[in-house]
Amino acid sequence: LSGPMLSRSAFNEALPQLLARLSGRLSWPMRLATVGAESDTPVMELQTSFLVAGPAADASDSAPVLVQVRLHIGFSSAYACPVLHFCLSQPDGVPLAASDAADFVRVNVESSTGEAAGQLDLASVLSQVPHPQLGCPMYTLHPCRTAELIGRLTSASEADRDGSGEVRDTNAAALAVLSWLTVYGRAVGLQVPQSASCS
Amino acid sequence: TTPDSIQRQVWDGKLPVCFVLPEDPDVPPLYSLVPRVGYFPALLDRLRAHLSRHAGIDEDSPGAQQLWLRSAGRPLRWHLPVGLLYDLERPKPPPLPWEVEIRTRDFPTDELVSFGPNNSLESYFLYCLKEADALKHRARVINEMGEREHRQLWQGLLNDQFDQFSVVNRKLMEGEAKYLPFRIYQQEADGGLSVLQCLAKPHREDSTPLTLSDLLRICLPNFTDPVTLATHGVSLPMETPLAWAYDKLAYPDNFLHLVLQPGRCNSAGDGESSAMQLDSSSES
């Protein structure tokens, strides 16, 4: 890990700023929620829900397929980095079949990165798991490489002025999470506008 | 370090399970000795084959593909190891053989993780191992292992091959751990399950080993009722060092899964027939 680490409390403190930066620029409902506790620190998430175009069911479809994404932006203490949990359903609420969910993520990743279909081993990074606090089944992207990315982002932002190895500057934490979300949010069709990172 | 007899006893623990199909009482039950450290979804192929042979339910049919399991009227949270699910049953673990219902309709999509070709049990198991190693070693050890060793861990568990599993798992279990991977479970009366997890180092500030008592105080700071922590059907004394309990009693997913029970620890153990008898001469 190259940079100072995020902690759950730093993440919690950054959430209101993250919410403020996003809710002005995205038209979807967003809210902060406390979903549990870890020792005496609340476990908090930013929760939102939006409709995006899904992978076309078949090439001859003229109507775009819409997917309802329910997204929870939380924090993993194990990896000391943010983590996404999400549910994918048809607009009427019926959950997407597992193969359609995998296709949805795959198409989003490919269109963001331009990577060809065969190169991405989705199974090794996308799993349906029980939400750590809520218990309900949700998809998640394995955070194993995220910690590295966050380390680089916090390092670049000079967020460890007191040399403690931990991010203590709320502004820096919010920007690091926002940068992470700009990258990882694409997997679920979330486009974070660049203006969100301006003061 | 070679795996010792406690770790081997943990691995070998099995539960007799009787799978029934209430939708069709004419279908004979399927009996199986299921490893406590294993997972129910690993049996899906066997269950489908059984239904195909005896209930006329084709293995590729929606019913067989959307199969799920119930016990005492509640969906079995089958992402959890079998032994943990048994130990969580309320008001007390059911008589053996444990009667588990097979359901082919109304899969509870908002409660149960769905395992299948697009979400394999193997990838979920790896997800758990990665998280455990992230806590212990910042994921360095698991990331240094190649796909072959990841597969070997899974195949070892799936095929009940302790040696095949241990030779790789040893690397994950040895060395200094930053935080110890554990979860504390409490089954609520309404059927809900509370899961507690927090960051716990192997030692206190004064370098003495952190005990289970200390752990409870960290996870449940305002809790005052007398409680017991149990794993693999055995209650643990509260002065047990967490690091010792982790080393001996962690599940193959590299987590120590602890069940919170009201009341003080009975140091003679639960006396349940499913409980594993710890060989006290193996204690270090």
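Reading the values: the criteria
- Residues numbered from 1 in each chain as written.
- Chains lettered and ligands numbered in written order.
- Predicted model: local features only at pLDDT ≥ 70, side-chain atom pairs only at ≥ 80, totals over all residues.
- Heavy atoms only, no water.
- Contact = heavy atoms within 4.5 Å.
- Buried area = accessible area lost by both parts, 1.4 Å probe.
- Salt bridge = Lys/Arg side-chain N within 4 Å of Asp/Glu carboxyl O.
- Polar contact = N/O pair within 3.5 Å; in protein donor to acceptor, adjacent residues only side chain to side chain.
- Helix = DSSP H or I, 4+ residues; strand = E, 2+ residues; numbered from the N terminus.
- Buried < 20%, exposed > 50% of the residue type's maximum accessible area, 1.4 Å probe, protein only.
- Pairing = 2+ DSSP bridges.
- Domains from an automatic or database assignment.
- UniProt positions renumbered as here; feature names shortened; annotations may be inferred.
- pLDDT = per-residue confidence, 0-100.
- Arc of directions from axis to C-beta.
- Axes fitted to C-alpha atoms, helices over the stretch in contact; angles between N-to-C directions.

Once that is clear, we can look at the interface of chain A and chain B. The parts lose accessible area when they come together, and the size of an interface is often stated as this lost area. Listed by partner, the interface residues are 27 residues for chain A and 25 residues for chain B. Approximately 2,100 Å² of surface area, both sides summed, lies buried where chain A meets chain B, with 58% of it carried by carbon and sulfur atoms. Three residues stand out in chain A for area buried against chain B, namely Ser39(A), Ala78(A) and Gln128(A), and they jointly supply 23% of the buried area on that side. The tally of links between chain A and chain B comes to 0 salt bridges. Counting every contact that joins chain A to chain B gives 6 residue pairs in polar contact (both at pLDDT 80 or more). Secondary-structure elements contributing two or more residues to the side of chain A that touches chain B are α2 (98-113), β5 (126-130) and β6 (137-141) of chain A. Residue contributions to the side of chain A that touches chain B peak at 4 residues, all from β5(A).

Residues and elements named next belong to chain B. Burial within strand β1 (residues 14-20) is extensive, with 5 of its 7 residues counted as buried. Both β1 and strand β2 (residues 30-35) contribute to a ladder of 6 bridges, which runs antiparallel. Bridge assignment links Pro16 to a residue of β2, and that residue is Leu33. Sheet analysis places β1 next to strand β5 (residues 98-103), joined by 4 bridges and oriented parallel. When the sheet's bridge partners are listed, Val20 is paired in β5 with Glu101.

Residues and elements named next belong to chain B. Domain assignment breaks chain B into domain 1 (10-103), domain 2 (118-176) and domain 3 (179-263). Put simply, the middle of domain 1 and the middle of domain 2, counted by C-alpha atoms, are 25 Å apart. Taken together, the 7 residues of domain 1 in the interface contact 10 residues of domain 2. In terms of surface lost to domain 2, no three residues of domain 1 exceed Trp11, Tyr39 and His79, which account for 71% of the buried area on that side.

This next bit is on the pairing of β5(A). Residues and elements named next belong to chain A. Summarising burial for β5: 5 of the 5 residues are buried, a large majority. Taking every second residue as pointing to the same face, both faces of β5 are buried, with Leu126, Gln128 and Pro130 on one and Ser127 and Val129 on the other. Count of turn residues in the β5/β6 antiparallel hairpin: 6 residues, of which Gly135 carries a positive phi of about 80°.

Feature annotation in UniProt places "domain: Autophagy protein ATG5 UblB" (unreviewed entry) on residues 179-260 of chain B, given in this structure's numbering. Along residues 179-260 of chain B one finds 20% helix and 28% strand; the C-alpha atoms at either end are 20 Å apart.

Another point: the confidence of the model for chain A. Chain-level statistics for chain A give a pLDDT mean of 83 and a share of 80% at 70 or above. Averaged pLDDT values over the elements of chain A bottom out at 63 in helix α3 (residues 146-156) of chain A and peak at 96 in strand β3 (residues 66-76) of chain A.

Cross-referencing UniProt, the feature "domain: Autophagy protein ATG5 UblA" (unreviewed entry) maps to residues 10-103 of chain B in the present numbering. In residues 10-103 of chain B, helix accounts for 27% and strand for 27%; the two terminal C-alpha atoms are 30 Å from one another.

Another aspect to go through is helix α2 (residues 44-54) of chain B. All names here are of chain B. Listing the buried residues of α2 in full gives Leu44, Leu47, Arg48, His50 and Leu51. All buried residues of α2 lie within an arc of 160° about the axis, which places them on one face of the element. Facing away from the buried side of α2, by more than 90 degrees, are the exposed residues Asp45 and Arg53. Along its buried surface, α2 packs onto β1, β2, α3 (62-65), β3 (68-71) and β5. Directly after α2, the chain includes Gly56, whose backbone phi takes a positive value near 65°.

Residues and elements named next belong to chain B. Read across the open sheet, the 5 strands follow the order β7-β6-β10-β8-β9; overall the sheet is mixed. Sheet topology places β7 (193-196) and β9 (234-236) at the edges, where each strand pairs with a single neighbour. Taking the axes of each pair of neighbouring strands and ignoring which way they run, one obtains an average angle of 35° across the sheet. Relative to β7, strand β6 (residues 182-187) is paired through 4 bridges, and the arrangement is antiparallel. Bridge pairing in β7 links Ile184 to Leu196. The strands touched by helix α9 (residues 212-219) within the sheet are β6, β7, β8 (227-231), β9 and β10 (256-262), with β6 carrying the most contacts at an inclination of about 70°.

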